[in-house]
Amino acid sequence: MRPNAGSFPYTDDNGTVWLAFTDFGSRSRERVVVCVHGLTRNGRDFDRLATGMARDFRVIEVDVAGRGRSGWLADKTAYTYPTYLKHMAAFLDYRGLESVDLVGTSMGGLIGMLMAAQPESPIRRLVLNDVGPFIPKGALERIGEHVGKDPRFRNLQEAAAYFQTIYADFGIPDELGWSELTLHSAIRQENGTYALHYDPAIGDVFQQAMNDVDLWSVWDAITCPVLVLRGEHSDLLTRETAREMTRRGPKAELVEFSGCGHAPALMSEEQIKVVHEWLLSFDDSEEDETADVD
């Protein structure tokens, strides 16, 4: 299956930025799944998941501003969740999407949570990949040790070695997976070297003192069904937090994957099957009929 790449301009007081996305599956599919990546990642992380689900869903991967093919913000202080929420609303409007399922990894999951907690939210179902409403500052400090750095690599082999160290906890299942990640995570420079495919300024916030993140009030406002995925060794989504997420708010379903930490790569057949089958378990036609009756 050949994905279709697109982008659109978003303009506000800070100027215009082009926001990119990759569209898998037929536009005739009524069910749309939007995939939102982690802090230093990009939408192509979801290629295997998108390919695996494309027979049943139209899957669209987005590149959050400053990552992948999306443009870099002129105002570096605008790499914030309010900005990302505005961009997501503009994206849904641009593609004419009134309701979607959302799969979010880490930062992408927080964006999904914030969207799902809004009144009349466009999020119909939410899959959170290794993130929750409480994040310990120790996990944030660990991430801050490498995000925002601007290393250069003489070739893709050097880049691959770097990624295999930085993203070791992803639990990527095979060499092809690492090759795919490398190709989408490094960008060739004019002098022939390779750089990371994101704006280093996304790491500026980590130069400040870190505190625990507490979004339980957001979690308790969510009413749509939620599936939580957790890496067995994750320090960002603790087992205690994950279990509490099953007891309050939307009372999520929880699945833990062995052999990985933060965050599961969603590349293995097992992980893809969990997401695919959970989303398939909902009958939208019945929900629409109920809504008509109401």
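Above this text is the structure in question.
What comes next is a walk through the structure. (Residues numbered from 1 in each chain as written. Predicted model: local features only at pLDDT ≥ 70, side-chain atom pairs only at ≥ 80, totals over all residues. Heavy atoms only, no water.)

1. Quick word on the state of the cysteines
Keep this limit in mind: Any two cysteine sulfur atoms within 2.5 Å of one another count as a disulfide. Relative accessible area decides the class of each residue, using a 1.4 Å probe on protein chains only: under 20% of the type maximum gives buried, over 50% gives exposed, and in between gives partly exposed.
According to the stated counting rule, one finds 0 disulfides in the structure shown. Free cysteine C35: the closest other cysteine sulfur is in C224, separated by 15 Å. On the basis of relative accessibility, which here comes to 9%, the residue C224 falls in the buried class.

2. Notes on the nonpolar core
The nonpolar side chains of soluble globular proteins are, as a tendency, buried together. The following threshold applies: For this analysis, a nonpolar core means a set of buried residues of the types Ala, Val, Leu, Ile, Met, Phe, Trp, Tyr and Cys, connected via side-chain atoms within 4.5 Å. Runs of E in the DSSP output that reach at least two residues are strands. Runs of H or I that reach at least four are helices, and both are numbered from the N terminus. Note on definitions: a residue-residue contact is assigned when non-hydrogen atoms from the two residues lie within 4.5 Å.
Ranked by internal contacts, the top residues of the largest apolar core, which has 70 residues, are F91 and W219. In terms of residues, this core owes the most to one element, helix α3 (residues 107-116), which gives 6 residues. Filtering out sequence-adjacent residues up to four positions away, F91 remains in contact with F8, F21, V34, I60, V62 and L97. In terms of nonpolar packing, the next biggest core, distinct from the first, is built from 21 residues, L229, V275, L279 and F282 among them.

3. Side note on unusual backbone geometry
In this chain, H262 is followed by A263 through a cis amide linkage whose omega measures 0°. When you line up the elements, A263 lands in the loop between β13 (253-257) and α9 (269-280). The backbone phi angle of K251 is positive, close to 50°, even though this residue is not glycine. Note that K251 resides in the loop between α8 (239-245) and β13. Here K251 falls in the exposed class, since its relative accessible area comes to 55%. Here the phi dihedral of L266 falls at roughly 55°; this positive angle occurs in a residue that is not glycine. Secondary-structure assignment places L266 in the loop between β13 and α9.

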